[in-house]
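If you want the building blocks of each chain, they are given just below.
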Amino acid sequence: MNKVNTWICTVLFMTTVACSERSKMTSLYDISVQLIQGESILLNEYRGKTLLIVNTASRCGFTGQYEGLQTLYEKYQKKGLVVLAFPSNNFMGQEPGSNESIATFCETRFQITFPLFAKIDVKGKNQHPLYVWLTSKENHPSYGGGVSWNFNKFLISPEGELINRFGSRIAPNQKQLIAAIEQALPNQIFEHEENVIGH
């Protein structure tokens, strides 16, 4: 009987630990990512910010969207927006370069100042945990599902929730994306109050 009780307790303990680990990974902020320069950080660094997470590529028909993403970042950075770019070679080999060459390309051609991250897989057996989280239909019934191409855009609230998603053909300067970002900015309430006071 003691052996049975011990076995039951062991199973219950392992189940509790496994559930705890899964629970931990349900938070965006628990996910570790690597900056393109090599430093690993937790996405907790961006807690309280509105995030636009984009899978990018240097040889894609949508590569010019880097310019628009930089414009968005410059316009809304002080209001709480951070653009996070994750290069990926998952679509037609359109990001074949090293992290160093990607960083050089982005800085010299588009003068990118928003955070760039090390190249990852956004789909497939080696899918990065960030994209496991982003594309999970279980966690995000409205916005889950696989990444369709380069420059898919995921909008994250200051509370760390996935609140909108845009396909590759929605350019950074399109009204529907801009409106969604403005609505999600952490400082938008204060801006509204300032405008009311000003009037």
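Provided above is the structure to which this section pertains.
Owing to the predicted nature of the structure, the values given are computational and were not obtained by experimental measurement. (Residues numbered from 1 in each chain as written. Predicted model: local features only at pLDDT ≥ 70, side-chain atom pairs only at ≥ 80, totals over all residues. Heavy atoms only, no water.)

Undergrad: Would you explain the overall build of the protein in this entry?
TA: Of regular secondary structure, the protein possesses six helices and six strands. For the protein, the N- to C-terminal ordering of α and β elements is α-β-β-β-α-β-α-α-β-β-α-α. The contacts of the protein with a sequence gap of at least 6 include a subset with a gap of at least 24, amounting to 64%. With an accessible surface of roughly 11300 Å², the protein has 52% of that area assigned to carbon and sulfur atoms. (Helix = DSSP H or I, 4+ residues; strand = E, 2+ residues; numbered from the N terminus. Contact = heavy atoms within 4.5 Å. Areas by Shrake-Rupley, 256 points an atom, 1.4 Å probe, with all protein chains shown as cover.)

Undergrad: Would you take a moment to explain the sheet that holds strand β4 (residues 81–87) for this structure?
TA: Think of a sheet as strands paired side by side through backbone hydrogen bonds, with each pair either parallel or antiparallel. An order of β4-β3-β5-β6 is seen for the four strands of this open sheet, with the pairing classed as mixed. Bordering the open sheet on either side are β4 and β6 (162–166), each of which pairs with just one other strand. For this sheet, the mean inter-axis angle between neighbouring strands, taken without regard to orientation, is 20°. (Pairing = 2+ DSSP bridges. Axes fitted to C-alpha atoms, helices over the stretch in contact; angles between N-to-C directions.)

Undergrad: Quick question: what am I supposed to make of the pairing of β6 here?
TA: Each regular strand carries side chains that alternate between the two faces of the sheet. As judged from the four bridges shared by strand β5 (residues 153–156) and β6, these two strands associate in the antiparallel manner. Across the sheet, residue I156 finds its bridge partner in β6, namely L162.

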